[in-house]
Amino acid sequence: MLTPFTLGHMKTTRCSVFIILSILCQPPTFAQQPHTLSFTPLVFRNVSIINVTATDLQHAILPNQTVVISAGRITAVGDKVRIPDDSQVVEASGKFLIPGLWDMHVHSMYEGRPEFFFPLLIANGVTGVRELASTLPLDTINRIRQEIAKGKILGPRFGGVTGKIIESHSQAGDRRPEFDYVAGVEEARLLVRSRKEQGADFIKVYNWLPRDVYFAIADEAKKHDLPFVGHIPVFVTPAEISAEGQKSVEHLSGVSFGLSSREEQLRRELMESRSRPMFSYLDASVTAVETYDEKKAAALFEQFRQNGTWHCPTYALRRARAFINDSFIKDDPRLKYIPLSVRERWAKGPELRNEAAFRKVYLKELQLAGAMQKAGVRLLAGTDTGFGNFYTIPGFSLHDELELLVLGGLDPLEALQTATLNPAKFFEIQKMHGTIDEGKAADLVLLDANPLEDIGNTRTIAAVVVNGRYLPKSELQRILSEVELAASKK
């Protein structure tokens, strides 16, 4: 059952007005209030810091700490820190401070989405994201992310963007707008070079790319120092994508095939049944989880570990699909923050005649989280939230994801690392992000309860600091109220 999202209580002054974005493709326009980074120090006094670099729960809490923030940076941390004159002091005794959270799989850069995504992410303490498919042009997206980084727009940092997904031309029947379809090797190589020129941070690959096209994309991406991420195509094995250097795998797609004692047979059957790819893929996935081979799993997980292959399971999305007709999904009170038109579309579908199959695969693959963590495979918290994906809610679903990772076998500290320290490592930005240390960017979340006792306590948000800007409880509540009102009219 979903735990209700609650905000902690904290007495403080009102923050400046939050910006609701309205973005058009050509050109984008912003209804915004410019924000200048404050040079008046903000101080959290007597707060317990969660040290996400700790290796065990016992040593992960640093009590009675003082944290000083100025001009968007953490300028001092410790138990004997001098508080600068004229500081805004927040008495945080009994509260817990964690690094800003990252959702490492979102789809926010579509027309009409940022005005809902940005405030919902920030109100939930999600101060950073990885954008893994969009329809807005890359130059538009990069301009928006630069304005966010400068503090001119209040929104999450975009650690990386991919642009459109690359898929085989043979799957282009409905021509989804977030896809680019390639007919062969040369076209794929040209597209990779184009993405590099346009400012993409990653290339995203998908399910039905032929072997020669996949390896051409990998080769061209490496030539241009452009990491590639995404699904594991049916024609390529999990072991091969790891050896080839694919940086991350989304949704554990295709992983269970590599863990099955019938891997070769399943892959052959999939290749022969491409006329019904969705259903044949699901059928094969059911067989794969039913034929799990522990020895194969140990060998593949070790390969993932050695090659640094990251995994972003997106359990929140997969749970919604597996239990889509259950009341705790369809009657989630947090749906009030989703535009009415989207809610109505969600309520009408999809018709999942094979819900039981989705459920079986989800519940079996949920157990992979703990096994992979124990084996040293690196994990990222992500939700695949986007209005095209049913019953995923920006910001809120990230907290669901953390709970599901714990349900799958991680301890609360390990789960918290998947949304803080691990994203910083993935992007190689540890010098500025991922922990609460002097000199780092001031992206923080103040909690009323200890997340290491119950990971659900990441929802007890008392305040958020994004790029040095302080948003107390009252401001977060106002943000959510404005989104709720806007959602009821769209």
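Please refer to the structure placed before this passage.
Presented here is an overview of the structure given in this document. Residue numbers run consecutively from 1 along every chain, following the written order of its sequence. Totals for whole chains, interfaces and linings use all residues, but because this is a predicted model, local features are given only for residues with pLDDT of at least 70 and pairs of side-chain atoms are given and counted only at 80 or more. As a rule here, side-chain values cover all heavy atoms of the structure and leave hydrogens and water aside.

Things to note about the overall build of the protein
To be explicit about the condition: Only DSSP runs of H or I covering at least 4 residues are called helices, and only runs of E covering at least 2 are called strands; the numbering of each starts at the N terminus. Per-residue accessibility, obtained with a 1.4 Å probe over protein chains only, is compared with the maximum for each type, and a residue is labelled buried under 20%, exposed over 50%, and partly exposed between these values. When checking whether two residues touch, look at their non-hydrogen atoms; a contact exists if any pair is within 4.5 Å.
Each helix and strand counted, the protein has 18 helices and 17 strands in total. Here the protein holds 490 residues, and 61% of them are scored as buried. Contacts spanning at least 24 positions in sequence make up 76% of the contacts within the protein whose residues lie at least 6 apart.

Brief notes about the layout of surface pockets
Test applied: Within this scheme a cavity is a closed region of a 1 Å grid, computed over the protein atoms alone, that accommodates a 1.4 Å probe without allowing it to escape, whereas a pocket is open but has protein on both sides within 12 Å along at least five of seven lines; lining residues each have an atom within 4 Å of a point. Grid points are joined across faces, edges and corners, and a volume is the space filled by probe spheres set on the points. Ten residue types, Ala, Val, Leu, Ile, Met, Phe, Trp, Tyr, Cys and Pro, are classed as nonpolar, four, Asp, Glu, Lys and Arg, as charged, and the remainder, Gly among them, as polar.
Taken as a whole, the second largest pocket spans an internal volume of roughly 320 Å³. In terms of lining residues, the second largest pocket is bounded by 17 residues, among which Gln373, Glu414, Gln417, Asn422 and Lys425 are the most central. Secondary-structure elements contributing two or more residues to the lining of the second largest pocket are helix 16 (412-417) and helix 17 (421-427). The residue inventory of the lining of the second largest pocket, partitioned by class, reads six nonpolar, six polar and five charged.

Quick notes on the pattern of salt bridges
Pairing of side chains with opposite charge becomes possible as their charged atoms draw close. Note the following rule: Take a side-chain nitrogen of Lys or Arg and a carboxyl oxygen of Asp or Glu: if they are within 4 Å of each other, that pair is a salt bridge.
Scanning all chains against the criterion turns up 29 salt bridges. With a closest N to O distance of 3.1 Å, lysine 222 and glutamate 244 form a salt bridge. Placement of lysine 222 in helix 4 (residues 211-223) and of glutamate 244 in helix 5 (residues 238-244) is noted, with a sequence separation of 22 residues between them. Counted as one network, the salt bridges with shared partners bring together Arg319, Asp332, Arg334, Asp400, Glu403 and Arg459.

Brief notes about helix 18 (residues 473-487)
Rules: Multiply 1.5 Å by the residue count of a helix minus one, and that product is the helix's expected span.
Its 15 residues place the ends of helix 18 21 Å apart at the C-alpha level, agreeing with the 21 Å of an ideal helix rising 1.5 Å per residue. Taken as a whole, helix 18 has its buried residues at Lys473, Glu475, Leu476, Arg478, Ile479, Leu480, Val483 and Ala487. Where the residues of helix 18 are buried, they touch helix 1 (114-123), helix 12 (340-348), helix 15 (396-407), strand 16 (461-466) and strand 17 (469-472).

Considerations on the nonpolar core
Basically, it comes down to this: We define the nonpolar core as a collection of buried residues of types Ala, Val, Leu, Ile, Met, Phe, Trp, Tyr and Cys that are connected through side-chain atoms lying within 4.5 Å of one another.
If you look at the biggest cluster of nonpolar residues, it comprises 103 residues, and the most contacted ones within it are Ile217 and Tyr315. Looking at this core element by element, the count peaks at seven residues for helix 1. Sequence-distant contacts of tyrosine 315, defined by excluding residues within four places in its chain, comprise Leu252, Tyr362, Glu365, Leu366, Leu368, Ala369, Gly382, Glu401, Leu404 and Leu405.

Here's the deal with the packing of aromatic side chains
Selection criterion: When the centres of two rings from Phe, Tyr and Trp lie within 6.5 Å, Trp using its six-membered ring, the rings pair. Their planes under 30 degrees apart give stacked, over 60 give edge-to-face, and anything left gives tilted. Remark: a charge is flagged as sitting over a ring if the NZ atom of Lys or the CZ atom of Arg is within 6 Å of the ring centre and within 35 degrees of the ring normal.
Counted by the stated rule, this structure contains 21 aromatic pairs. When the ring of tyrosine 315 is compared with that of tyrosine 362, the centres are 6.4 Å apart and the planes differ by 70°; the resulting orientation is edge-to-face. Of the two residues, tyrosine 315 is situated in helix 10 (residues 315-322) and tyrosine 362 in helix 13 (residues 355-366); the sequence distance between them amounts to 47 residues. The residues tyrosine 315 and tyrosine 362 share a single accessibility class, namely buried. Each residue in the set Trp102, Phe202, Trp310, Phe426 and Phe427 is aromatic and connected to the rest through ring pairs, giving one cluster. In this arrangement the basic side chain of arginine 113 is found over the ring face of tyrosine 110, its NZ or CZ atom lying 3.6 Å from the centre.

Quick notes on the packing of helix 3 (residues 185-198) against helix 4
We count it as follows: The axes used here are C-alpha line fits, helices contributing only the stretch in contact, and every angle between their N-to-C directions lies in the interval 0 to 180 degrees. For classification, angles of less than 35 degrees are called roughly parallel, those exceeding 145 degrees roughly antiparallel, those between 65 and 115 degrees roughly perpendicular, and all remaining angles oblique. Handedness of a helix crossing follows the sense of rotation of the near helix relative to the far helix, less than a right angle counterclockwise being left-handed and clockwise being right-handed.
At a minimum axis distance of 9 Å, the contact between helix 3 and helix 4 shows a crossing angle of 30°. Relative to helix 4, the element helix 3 lies roughly parallel. For the element pair helix 3 and helix 4, the recorded crossing hand is right-handed. Across the interface between the two elements, Val185, Ala188, Arg189, Val192 and Arg193 from helix 3 touch Asp212, Val213, Ala216, Ile217, Asp219, Glu220, Ala221 and Lys223 from helix 4. Split by residue class, the contact of helix 3 with helix 4 holds seven nonpolar, no polar and six charged.

Some points on the packing of helix 10 against helix 13
Two elements in contact, helix 10 and helix 13, have axes separated by 8 Å at closest approach and are oriented at 150°. Viewed along their axes, helix 10 and helix 13 adopt a mutual orientation that is roughly antiparallel. The handedness of the crossing between helix 10 and helix 13 is left-handed. Residues Tyr315, Arg318, Arg319, Arg321 and Ala322 of helix 10 touch helix 13, and the partners they reach there are Glu355, Phe358, Arg359, Val361, Tyr362, Glu365 and Leu366. Looking at the contact of helix 10 with helix 13 residue by residue, the classes come out as six nonpolar, no polar and six charged.

Topic: the environment of valine 361
Tracing the backbone through its elements, the reader meets valine 361 in helix 13. Taking the relative accessible area as the measure of exposure, valine 361 reaches 7% and is therefore buried. Between the alpha carbons of valine 361 and glutamate 290 there is a distance of 8.8 Å; along the sequence they are 71 residues apart. Once residues lying within four places of it in the same chain are set aside, the contact partners of valine 361 are Leu282, Ser285, Val286, Val289 and Arg318.

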